[in-house]
Amino acid sequence: MSGTVSMSGLVSNTNWSALIDSLINAEKSATENPLTESKNKYSAKLSAWQAFNTKLSALTDYIDSNKLNKAKGYNVYSPSLTSTDSSITASSILSAVVGTTVSGAGKYSIEVSQLAKAEKISSGAFASKTDALNLSGDLVINGKAVSLGTDYTLTDVATKINNSNTGVTATVLQVSGTEFRLSLESNNTGSAGISIKNGGSADLLESLKLHTATTQLAHPSGPDALSDSYSNSTGTVGSLLGLSSAQSGTINIKGTDVAVNLATDSLQNIADNINAAAPAGVTASVETVTVNGTAKKQLKLTGTAVTDLTDSNNILETLGVVKAVSTTTLRTGQDAMLSIDGYDMTSSSNSVTSAITGVTLNLTGTNEGKPVELAITQNTSQISTNASTLVSAINNVISHISSQNTFKNSDSAGASDQNPLFGDSTLAQVKRNISNAVFSTVTGNSTFTNASSIGITYAKNGTLSVDTDKLSSAMSTNSEETTGVLKNLSDKLYTSLNGYVDPASGTLVALTKTLQSEMDGIDTRISDLEARYERERVVMEARFNALEQLINTSNSTKSWLTQQASIMNKMNQ
């Protein structure tokens, strides 16, 4: 303590520190050592459970990631392309990618007569790309409003379009020092091309020299005219398009005026207003159409030609009933055209996903009149590999259980020679679950009913083995029943074992948390004991120091008394 001088052993020649250490260590041996031994046992168990969790998780994760407990996990097919015509190379016409939903093996004769292309248009010439264009208002590109300001340059217009996520890429091409052109290219192929229209009364597209003054029906359908498609027929057109200032005015249909306000009118309102005005021979309705798998709404005008329609505020153009003709079309958008086994079909993309279930055809060339043969065959070797890997993962679990149920020293059977999880009931249950899955039978199968019938059996050492020849023979004989057995085995394994390793609520998670909690508790108790022993050390050091001082005082007194006695003796002589 502060202010206290330690005299440990200086007078008595006794090693008080060693004595104190000996006393405290004796107490620790009686109190801390059992706790440390318990913690070491818990730690060994924790490590064993963590190792087991890793092996068991590897098994369930393999089943889940490869979908071996589901039918699609066995839809393992490979494509191959051939051509009997030496003038073409099959791989230059198309490639095929097989997914997990393929319906089965098959052969197909494919001809590609036209590839899909993206539309690309160009404006007329501008003398500068940096001068303000002095125009403002909304464009509507592929159904999305793009607002332009009066100070926008040609470059600004291109930048705004590119930042508006319209599905169109805009660039400014410098033809010469005094000639600049704005070009727009669709990001998607297909005949639908680019939908671009004025979103207000101002003729922005004409000012941008992208369109001429000539108009045509945007979506002609026989004798009828259709508008663009919208997500619903009840919202106002202005809000559906996101217009900053929706226009209003009068449209004229066959000489009959109809008032329209895009800020307040829905498609249904507009159809009702047209029918109320009753243009000669014209009726309006809202039709439901499917666009890319989504239900949409369109305004339909029956018995209408483009010459029957006029308006002064671009209302019909904004609705998408009419459109202006592009100034310059650099490339016309078109659909891919192909035939499969003689059946003609089209696709807006060169990646055809809907023709053959589970197969994606990527078109890269044309071969009209020179068919390419596509063969889809089942990849039985992959299934065999998956089965072997599955068995290997099962054996890792079985081997871990077996290793825990053996003695460290085979010559003795003392408790200290037992592995951490020796005789654990959880391990025993996992092993039973594996056995139950291996020996389970598949209802409905007649030839191959369980794992052993396709070559998966127990070896003498308790692990599983795969007879690959027998498995391959079973696949060749009846692939459906064979994969059914593998699926049944995987499904029962996953169902019975995943509950042990679930990260949120698994049995092993709970076990490891309990062990860690016990170890933390022991650490706390040891820490408390260490603090107590440090307090005892301080007390004992103080006591022994006081004893040393007492001895020193006694020795001084003895020396003084001895000295006095000697003096007195001399005086008496």
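Refer to the structure above for everything that follows.
Thresholds applied
Residues numbered from 1 in each chain as written. Predicted model: local features only at pLDDT ≥ 70, side-chain atom pairs only at ≥ 80, totals over all residues. Heavy atoms only, no water. Helix = DSSP H or I, 4+ residues; strand = E, 2+ residues; numbered from the N terminus. Rg over C-alpha atoms; globule rule 2.2 N^0.38 Å. Buried < 20%, exposed > 50% of the residue type's maximum accessible area, 1.4 Å probe, protein only. Contact = heavy atoms within 4.5 Å. Areas by Shrake-Rupley, 256 points an atom, 1.4 Å probe, with all protein chains shown as cover. Lys, Arg positive; Asp, Glu negative; His and termini not counted. Charge placed at Lys NZ, Arg CZ, Asp CG, Glu CD. Pairing = 2+ DSSP bridges. Axes fitted to C-alpha atoms, helices over the stretch in contact; angles between N-to-C directions.

Asks: When you look at the overall build of the protein chain in this model, what are you seeing that I'm missing?
Replies: Helix and strand counts for the protein chain come out as 12 helices and 26 strands. In terms of overall dimensions, the protein chain is more spread out than a globule: its C-alpha atoms have a radius of gyration of 44 Å, far above the 25 Å expected for 573 residues. Summarising its shape, the C-alpha atoms of the protein chain cover approximately 160 × 80 × 55 Å along the three principal directions. A total of 573 residues make up the protein chain; the buried ones form 37% of that total. Of the contacts made within the protein chain by residues no fewer than 6 positions apart, 69% connect residues no fewer than 24 positions apart. Carbon and sulfur atoms make up 48% of the accessible area of the protein chain, which amounts to about 29,000 Å² in all. Across the protein chain, the centroid of the 39 positively charged side chains sits 9 Å from that of the 49 negatively charged ones.

Asks: Mind showing me how you'd approach the sheet that holds strand β5 (residues 137–141) here?
Replies: Strand pairs in the sheet, formed through backbone hydrogen bonds, run parallel or antiparallel to each other. The strand order β6-β5-β9 describes an open sheet built from three strands, whose pairing is antiparallel. Each having just a single partner strand, β6 (144–148) and β9 (196–198) make up the two edges of the open sheet. Put simply, the sheet's adjacent strands are angled 30° from each other on average, direction ignored. Bridge count between β5 and β6: five bridges; the pairing is antiparallel.

Asks: Can you help me understand the sheet that holds strand β17 (residues 309–311) in this one?
Replies: Spatially, three strands are ordered β14-β13-β17 in an open sheet, and the strand pairing comes out antiparallel. Each of the sheet's edge strands pairs with one partner strand only, and the pair in question is β14 (256–261) and β17. Pairs of neighbouring strands in the sheet enclose a mean axial angle of 25°, with direction left out of account. Pairing of strand β13 (residues 248–253) with β17, which is carried by three bridges, proceeds in the antiparallel orientation. Residue pairing across strands places Ile251 opposite Asp311, the latter belonging to β17. Along the sheet, helix α6 (residues 267–277) makes contact with β13 and β14, crossing β14 at roughly 160°.

Asks: Would you mind showing me how to read unusual backbone geometry here?
Replies: With glycine set apart, most residues show a phi of negative sign, and most peptide bonds adopt trans. Phi angles above zero are rare outside glycine, and Lys67 is one such case at about 55°. Structurally, Lys67 is set in the loop between α1 (16–65) and β1 (77–83). Among the residues examined, Lys67 registers a relative accessible area of 29% and is labelled partly exposed. Of note, Lys254 is a non-glycine position whose phi angle comes to about 50°, a positive value. Counting through the fold element by element, Lys254 comes out in the loop between β13 and β14. Overall, Lys254 belongs to the partly exposed group, its relative accessible area being 36%.

None of this, on its own, says anything about what the molecule does.
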